[in-house]
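Coordinates in review
Below, each chain spelled out in residue letters.
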Amino acid sequence: SEEDMYRDAEEIERDKMLHSGQSCSDYKLSVAPEIDIMEYCRKEWRGNTPVAKRMRKGYEAVAQKFASIRRVRGDNYCALRATLFQALSQATQLPSWLQNEDFIMLPENLMSKYDWIKQWQLKQKLGRKMGEISDEIKEYLILLRKKWKSISEIKGPAEKQEACDKLFKNEEEEYSLYEALKFLMLNTAIELYNDDRNGRRVPVFSWLLFARDTSSNPCQLMHNHLNHIGHSGGLEQVEMFLLAYALQYTIQVYRLYKHSTDEFITLYPNDPEEDWPVVTLITEDDRHYNIPVRMCQETV
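So, how was this worked out
- Residues numbered from 1 in each chain as written.
- Predicted model: local features only at pLDDT ≥ 70, side-chain atom pairs only at ≥ 80, totals over all residues.
- Heavy atoms only, no water.
- UniProt positions renumbered as here; feature names shortened; annotations may be inferred.
- Helix = DSSP H or I, 4+ residues; strand = E, 2+ residues; numbered from the N terminus.
- Polar contact = N/O pair within 3.5 Å; in protein donor to acceptor, adjacent residues only side chain to side chain.
- Phe/Tyr/Trp six-rings, centres within 6.5 Å; stacked < 30°, edge-to-face > 60°.
- Buried < 20%, exposed > 50% of the residue type's maximum accessible area, 1.4 Å probe, protein only.
- Axes fitted to C-alpha atoms, helices over the stretch in contact; angles between N-to-C directions.
- Parallel < 35°, antiparallel > 145°, perpendicular 65-115°, else oblique.
- Left-handed = near helix turned anticlockwise from the far one by under 90°.
- Contact = heavy atoms within 4.5 Å.
- Nonpolar A, V, L, I, M, F, W, Y, C, P; charged D, E, K, R; others polar.
- Pairing = 2+ DSSP bridges.
- Patch = residues over 30% accessible without salt bridge, like charges linked within 9 Å, V, L, I, M, F, W, Y side chains within 5 Å.
- Areas by Shrake-Rupley, 256 points an atom, 1.4 Å probe, with all protein chains shown as cover.
- Salt bridge = Lys/Arg side-chain N within 4 Å of Asp/Glu carboxyl O.

On to the UniProt feature "active site" (unreviewed entry) in the chain. Under the local residue numbering, the UniProt record ascribes the feature "active site" (unreviewed entry) to Asp75, Cys78 and His288. Across 214 residues of sequence, these annotated residues stay compact in space, with a maximum C-alpha separation of 8.2 Å. Among the structural elements, Asp75 can be located in the loop between strand S2 (66–70) and helix H4 (78–89). Here Tyr77 takes part through its backbone nitrogen, which lies 2.9 Å from a polar atom of the side chain of Asp75.

What follows concerns the packing of aromatic side chains. Two aromatic rings are characterised by how far apart their centres lie and by the angle between their planes. Under the counting rule described, the total for this entry stands at 17 aromatic pairs. Ring geometry for Tyr175 versus Tyr178: centroids 5.7 Å apart, planes at 85°, classification edge-to-face. Residue Tyr175 and its partner Tyr178 are located together in helix H9 (residues 171–197), separated by three residues, close to a single helical turn. Summarising the burial analysis for this pair, Tyr175 and Tyr178 share the class buried. Among the aromatic residues, ring-to-ring pairing joins Phe205, Phe241, Tyr245, Tyr268 and Trp276 into one connected group.

This brings us to the packing of H4 against helix H8 (residues 157–167). Contact geometry for H4 and H8: axes closest at 9 Å, N-to-C directions at 150°. Overall, the two elements H4 and H8 adopt an arrangement that is roughly antiparallel. The way H4 lies across H8 gives a crossing that is right-handed. On H8, the residues that touch Phe85, Leu88 and Ser89 of H4 are Lys160, Gln161, Cys164, Asp165 and Leu167. Considered class by class, the residues forming the contact of H4 with H8 number four nonpolar, two polar and two charged.

Let us now look at the sheet that holds S2. Ordered in space as S1-S2-S6-S5-S3-S4, the six strands form an open sheet in which the pairing is mixed. The sheet is open, and its two borders are formed by strand S1 (35–36) and strand S4 (265–268), each paired with just one other strand.

A contiguous nonpolar surface patch, about 330 Å² in accessible area, is contributed by Val204, Trp207 and Leu208. Mapping Val204 onto the fold places it in helix H10 (residues 204–211).

This brings us to the UniProt feature "site: Linear diubiquitin binding" (unreviewed entry) in the chain. The sites that UniProt annotates as "site: Linear diubiquitin binding" (unreviewed entry) are Glu263. Looking at the element boundaries, Glu263 is found in the loop between strand S3 (250–255) and S4. Look at Glu263 and you get partly exposed, because its relative accessible area is 38%. With residues near it in sequence (within four places) discarded, Glu263 still touches Arg255 and Lys258.

So, about unusual backbone geometry. The phi angle of most residues is negative, glycine excepted, and most peptide bonds adopt the trans form. A cis amide bond links Tyr268 with the next residue in sequence, Pro269, at an omega value of -5°. Tracing the chain through its elements places Pro269 in the loop between S4 and strand S5 (278–283). Phi is positive for Gln248, which is not a glycine, with a value near 55°. Tracing the backbone shows Gln248 in the loop between helix H12 (237–247) and S3. A relative accessible area of 32% means that Gln248 is categorised as partly exposed.

Remark: H10 packs on H12, axes separated minimally by 9 Å, with the N-to-C direction vectors making an angle of 130°. With respect to their mutual orientation, H10 and H12 come out oblique. Where H10 crosses over H12, the handedness of that crossing is left-handed. Of the residues in H12, those touching H10 at Phe205, Leu208 and Leu209 are Val238, Glu239, Phe241, Leu242 and Tyr245. Its residues assigned to classes, the contact of H10 with H12 comprises seven nonpolar, no polar and one charged.

Encoded structure:
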């Protein structure tokens, strides 16, 4: 089926186990252990079709910079998972926007201005009252700040990696963090929309975001896109820009199917702020993202 094209056999099997009530602790790993990048490529792309050849060339180019790859669980949170994992695994300090005193008050402040936000869709929990949604999102934002702070304070790279692995094995916390990211994306979208209406300069992607029939304003964006991320859809290209702006990170993506074109390495945003940290992801199709790790010595 269309849905299964982007899920591996293991993922489908895990879902079957979940629905049959079997134990599925083996399948809880959101980010798989690292594997040699070319070994992974040979296993995935054996054929001689033009697509397989292009993918192999793409992986060879990535292997000039990175030695290994970590597979990311392929559900509809995939882009958020890969980006957040990379950001946390290299974090050395708390970003300034996370230190802001108003950060925790965000849900309350936004909901006092925009009544429609009470229709925010929290994961698998429907029919909450407005106050409850506000409190719950506040908890998610507090958790994001707490985890980012504790992981960024770990000095040793091995210990930092271990802390990230542990966090991304805890489903309850992991999915709470994605809800926090989605809410930050909504906040950023509202800021950009208001800036544009007030005649301030906004990045080009913001026009594209609100030029869609399905998201001509932040309310539509929430209803038709953000509420579906993680449930029935992943992030679209233009929403990758929104995520980058929300986190104030540059997301660099090797888009393997675009190998030997100008879009092989795409930056979100394409004119990043110089002081934004960079995270790197790999995609074969702009739907599912994996993580390259271990920069090769000569590129460090």
